[in-house]
Amino acid sequence: MAKERFEKPTGTQDVLPGAVEKWQYIEGKARELCHRFNYREIRTPMFEHTGLFERGVGETTDIVEGEMYTFKDKGDRDLALRPEGTAGVVRAYVQNKLYGEPDVSKLYYIGPMFRYERPQAGRYRQFHQFGIEAFGAVDPAIDAEVVSLGYQYCKDLGLSGVRVEINSVGNAPSRAAYREKLLGFLRPMKDTLCSDCQRRMERNPLRVLDCKKDQDKFVEAPSILDSLDEECTTHFEKVKEHLGAMGLEYTINPRLVRGLDYYTHTAFEYKAAGIGSIDTVGGGGRYNGLVEEIGGPDQPGIGFGIGLERILLILENQQVELEATKPLDVYFVGLGEAADIEISKQLFVLRNLGFSAERDYLGRKMKAQMKSADRMSARYTAILGEEELNNGVIALKSMATGEQQTVKLEELGQALL
Ligand code: ATP
Ligand code: MG
């Protein structure tokens, strides 16, 4: 009887060779960019105590209200697979007392996140984010730096039509004033709103503006920018001035909010056309109250998270060719048993010299071996038959030009250079 076969869990993906090079490429670009901006990598656990996310992401968010993968471990602890990156990084920042360091902590992460959502294009249950967080500075220059890094990432990858939307959600007093104005606008339309919005309205009216179903109804909503006090207005003006100095184009979207109390000042999103109704590749904001909320000292922070599946999807839709293929330097074609042994030796030598090299392991005829070399986009084939072996040489053929030369076996590495 056939054994039971297993399939990957809904909403997950196998990244196979051929596709994985694209992942390596976009991850590499993120690392390289972070190095240029002097952000350093941090790796935190893939699961944390559930309470961290309840507190750090917020109880009225889609994530905490229903998207978390929670479980109890054998010690009866409540744990959750991380649904996003910020909470864990803030926890690590506090626990490892990074706030004690003299410089601003500029950190980045790349890794899988988990949310129980209905899978569709650009939406998975395991997906990947590239994100950054900067702790310890309130200077608007860092807001602009964070916004610009995410934008530059999209540009470096060759995405076109990337838009940056920014807003300020102010500080607590500004938001309290706005909350009243917003409720005045929302209450009369309460019955027309979706059930989530109706439920969230009194608890957290700013979250309502974030609703995907009711978006169109809020075009006339009061602007939070009119409720900002002087400190907030000045901060926002400065952020814009820094962005202007960089020549970075943005649009102001006064309906762009992050409805949690510890979000302050700058909020922003990156958008790109190319995946239908889902056009946001990432977003972020300042969270001056979050570190304290998670039990740390009163330290400001700001960051973003960008979804890598969405980046890849849009790159594909925009037909951007990534320089992601890694051709082989040389493929050995061998004929006969003696050649077989010599090739093992040559392979080992070349690989240690830093070349990528491959050979046939299936005892195939010359023609089939040449086809393999083609499939692997080998730059050269090195052909070793009985005659060459007897003369201590090997035939080196350029796959691009078809040109062939005979080189001494011990000079093969030199010839390839
Ligand atoms: P959305 O409005 O699409 O649900 P979100 O507001 O939940 O997004 P964030 O929590 O801000 O998204 O996450 C930042 C980015 O992470 C998103 O812009 C997106 O690119 C990516 N992302 C979020 N959820 C998923 C998912 N389930 N699958 C793939 N990518 C995701
Ligand atoms: Mg979501």
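What you see is a predicted model, and the numbers here were worked out from it, not measured in a lab.

A. Fine view of the pattern of salt bridges. Enumeration according to the criterion identifies 30 salt bridges in this entry. One salt bridge connects Asp156 with Arg36, and the closest N-O pair in it is separated by 3.0 Å. On the criterion of sequence distance, the pair formed by Asp156 in helix 5 (residues 140–157) and Arg36 in helix 1 (residues 20–36) is long-range, its members being 120 residues apart. By relative accessible area, Asp156 is classed as partly exposed at 23%. Each of the salt bridges in this network shares a partner with another, and the network as a whole consists of Asp62, Glu65, Asp196, Arg199, Arg200, Arg207 and Asp210.

B. The arrangement of helix 1 in detail. The terminal C-alpha atoms of helix 1, which comprises 17 residues, lie 24 Å apart, in line with the 24 Å expected from a rise of 1.5 Å per residue. Burial in helix 1 covers these residues: Trp23, Tyr25, Ile26, Lys29, Ala30, Leu33 and Cys34. Down the axis of helix 1, the sector holding all buried residues measures 165°, keeping them to one side. In helix 1, the exposed positions that point more than 90 degrees away from the buried face belong to His35 and Arg36. Buried positions along helix 1 lie against strand 5 (105–114), strand 6 (126–135), helix 5 and helix 11 (308–317). Where helix 1 terminates, the next one or two residues include Asn38, which has phi positive at roughly 60°.

C. How the structure looks around the side chain of Thr381. When you line up the elements, Thr381 lands in strand 14 (residues 380–384). The buried category is assigned to Thr381, whose relative accessible area is 0%.

D. Just the domain arrangement of the protein, in detail. Domain boundaries in the protein define domain 1 (20–171 + 229–317) and domain 2 (330–416). Taken over C-alpha atoms, the centre of domain 1 sits 49 Å from the centre of domain 2.

E. Spotlight on the packing of helix 5 against helix 9 (residues 230–246). Their axes nearest at 8 Å, the elements helix 5 and helix 9 cross at an angle of 50°. Between helix 5 and helix 9, the crossing angle belongs to the class labelled oblique. The two elements helix 5 and helix 9 meet at a crossing, and its hand is right-handed. When helix 5 is examined against helix 9, the residues Pro140, Ala141, Asp143, Ala144, Glu145, Val147 and Ser148 are found in contact with a partner set consisting of His235, Lys238, Val239, His242, Leu243 and Met246.

F. Expanded view of the UniProt feature "binding site: L-histidine" (unreviewed entry) in the protein. Taking the numbering used here, the UniProt-annotated feature "binding site: L-histidine" (unreviewed entry) corresponds to Glu84, Gly85, Thr86, Arg115, Gln129, Glu133, Arg258, Tyr262 and Tyr263. Taking relative accessible area as the criterion, Glu84 reaches 13% and is therefore assigned buried. Beyond its immediate chain neighbours, meaning those up to four positions away, Glu84 contacts Phe53, Val57, Ile63, Met113, Arg115 and Gln129. In this structure the side chain of Glu84 is engaged in a polar contact, spanning 3.2 Å, whose partner is the backbone nitrogen of Thr86. With respect to the secondary-structure elements, Arg258 resides in the loop between strand 8 (251–252) and strand 9 (264–272). Beyond its immediate stretch of four places on either side in the chain, Arg258 contacts Val169, Tyr263, Ala267, Gly283 and Gly284.

How each quantity is defined
- Residues numbered from 1 in each chain as written.
- Chains lettered and ligands numbered in written order.
- Predicted model: local features only at pLDDT ≥ 70, side-chain atom pairs only at ≥ 80, totals over all residues.
- Heavy atoms only, no water.
- Salt bridge = Lys/Arg side-chain N within 4 Å of Asp/Glu carboxyl O.
- Helix = DSSP H or I, 4+ residues; strand = E, 2+ residues; numbered from the N terminus.
- Buried < 20%, exposed > 50% of the residue type's maximum accessible area, 1.4 Å probe, protein only.
- Expected span 1.5 Å × (residues − 1).
- Arc of directions from axis to C-beta.
- Contact = heavy atoms within 4.5 Å.
- Domains from an automatic or database assignment.
- Axes fitted to C-alpha atoms, helices over the stretch in contact; angles between N-to-C directions.
- Parallel < 35°, antiparallel > 145°, perpendicular 65-115°, else oblique.
- Left-handed = near helix turned anticlockwise from the far one by under 90°.
- UniProt positions renumbered as here; feature names shortened; annotations may be inferred.
- Polar contact = N/O pair within 3.5 Å; in protein donor to acceptor, adjacent residues only side chain to side chain.

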